[in-house]
Amino acid sequence: MLKDNYDAVVKKIADACERAGRNPEEITLIAVSKTKPLSDIEELIGHGVKEFGENKVQELTSKYEEVSCKVNWHLIGHLQTNKVKYIVDKACLIHSVDSLKLAKEIDKEAAKKSVICDILVQVNVANEDTKFGLELEDTAKLVEDISKLPNVRIKGLMTIAPFVDNPEDNRGYFSQLKQLSLDIKSKNIDNVDMSILSMGMTNDYEVAIEEGATMVRVGTGIFGERNYNI
Ligand SMILES: *Cc1c(COP(=O)(O)O)cnc(C)c1O
């Protein structure tokens, strides 16, 4: 069942790539397993899925310990500085860095564990009060500041677009983030590469891919609706 859902998403990704003249190999599909049981994750692992996303540190670290084989865990939710130490050597990529203070804490904890931590800078493209992330115009400056930290490596940008009925309403936000990543890339900042653009969720990943996403984070479309009350 989950396997069929997953394959249907892969097919839609391929179709979106076709429309946009892109190679599907450029796109990483992250299965967002938050609130979902280990058995669901194991089912997908059995199907060859390797990229999983969680939005809470505690949930990521416990699933990290429990799964039967090594997979890649993406931290996609807001990260508090006091939780950084639990996650720096477990997440393959932290998608949600939105302050120098947080980046410095990641740098410090990564140095203690002798790892380099890959991160994305989260941008609040639509400027929603309810969302974390930087404003577009503050992003390049933060990227430059973070680039000086030796144990952190910036791989690109991430955004969470507004929840809308019609995904077309988010197209402009996705293209703005793509443009911002090109602008930052053209500055050739040391220790910064802009190869990853993490944007698009169940409702809007096809539009995001048409606008340049290289990572899409799909939960509901693979695992079904979430129940937060259990
Ligand atoms: C939950 C979540 C997703 C997945 O959302 P769906 O709409 O279920 O696909 C993607 N990104 C982030 C940051 C999330 O918290």
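All of the points below concern the structure found in this document. As the structure is a computational prediction, the values presented were derived from the model and not from experiment.

Moving on: the site of the ligand. Near the ligand, the surroundings consist of Val32, Lys34, Ile76, Ile160, Met201, Thr202, Arg217, Val218, Gly219, Thr220 and Arg226. At a separation of 2.8 Å, an oxygen atom of the ligand approaches a polar backbone atom of Gly219. Contacts to the ligand include Thr220, whose side-chain N or O atom sits 2.5 Å from an oxygen atom. Compared with its free state, where it exposes 390 Å², the ligand has 90% of that area covered by protein. For the shell around the ligand, a count of residues per class yields five nonpolar, three polar and three charged.

Core analysis: the biggest nonpolar cluster contains 65 residues, and Phe52, Ile94, Ile106 and Ile146 have the highest contact counts within it. Examining the composition of this core, we find that six residues originate from one element, helix H1 (residues 2-20), more than from any other. Among the nonpolar cores identified, the runner-up in size contains six residues, and Ile30, Leu93, Met158 and Met215 belong to it.

Once that is clear, we can look at the packing of H1 against helix H2 (residues 38-46). Relative to each other, H1 and H2 sit at 60°, their axes nearing to 9 Å. Considering their axes alone, H1 and H2 lie oblique with respect to each other. Every pair of crossing elements has a handedness; the one defined by H1 and H2 is right-handed. Residues Leu2, Lys3 and Tyr6 of H1 pack against Asp40, Glu43 and Leu44 of H2. Here the contact of H1 with H2 is built from residues that sort into three nonpolar, no polar and three charged.

Turning our attention to the pattern of salt bridges. Across all of its chains, the model carries 16 salt bridges by this definition. Ionic pairing is found between Asp89 and Lys90, a salt bridge with its closest N-O pair at 3.8 Å. According to the relative accessible area criterion, Asp89 is partly exposed, its value standing at 34%. Using a relative accessible area of 21% as the deciding quantity, one classes Lys90 as partly exposed. Between Asp145 and Lys141 there is a salt bridge; the shortest N-O distance is 2.8 Å. Of this pair, Asp145 and Lys141 both sit in helix H6 (residues 136-146), separated by four residues, roughly a single helical turn. Where salt bridges share partners, they join Arg19, Glu168, Arg171, Glu210 and Glu211 into one cluster.

The rules we used
Residues numbered from 1 in each chain as written. Predicted model: local features only at pLDDT ≥ 70, side-chain atom pairs only at ≥ 80, totals over all residues. Heavy atoms only, no water. Near = heavy atom within 4 Å. Polar contact = N/O pair within 3.5 Å; in protein donor to acceptor, adjacent residues only side chain to side chain. Areas by Shrake-Rupley, 256 points an atom, 1.4 Å probe, with all protein chains shown as cover. Nonpolar A, V, L, I, M, F, W, Y, C, P; charged D, E, K, R; others polar. Core = buried A, V, L, I, M, F, W, Y, C linked by side-chain atoms within 4.5 Å. Buried < 20%, exposed > 50% of the residue type's maximum accessible area, 1.4 Å probe, protein only. Helix = DSSP H or I, 4+ residues; strand = E, 2+ residues; numbered from the N terminus. Axes fitted to C-alpha atoms, helices over the stretch in contact; angles between N-to-C directions. Parallel < 35°, antiparallel > 145°, perpendicular 65-115°, else oblique. Left-handed = near helix turned anticlockwise from the far one by under 90°. Contact = heavy atoms within 4.5 Å. Salt bridge = Lys/Arg side-chain N within 4 Å of Asp/Glu carboxyl O.

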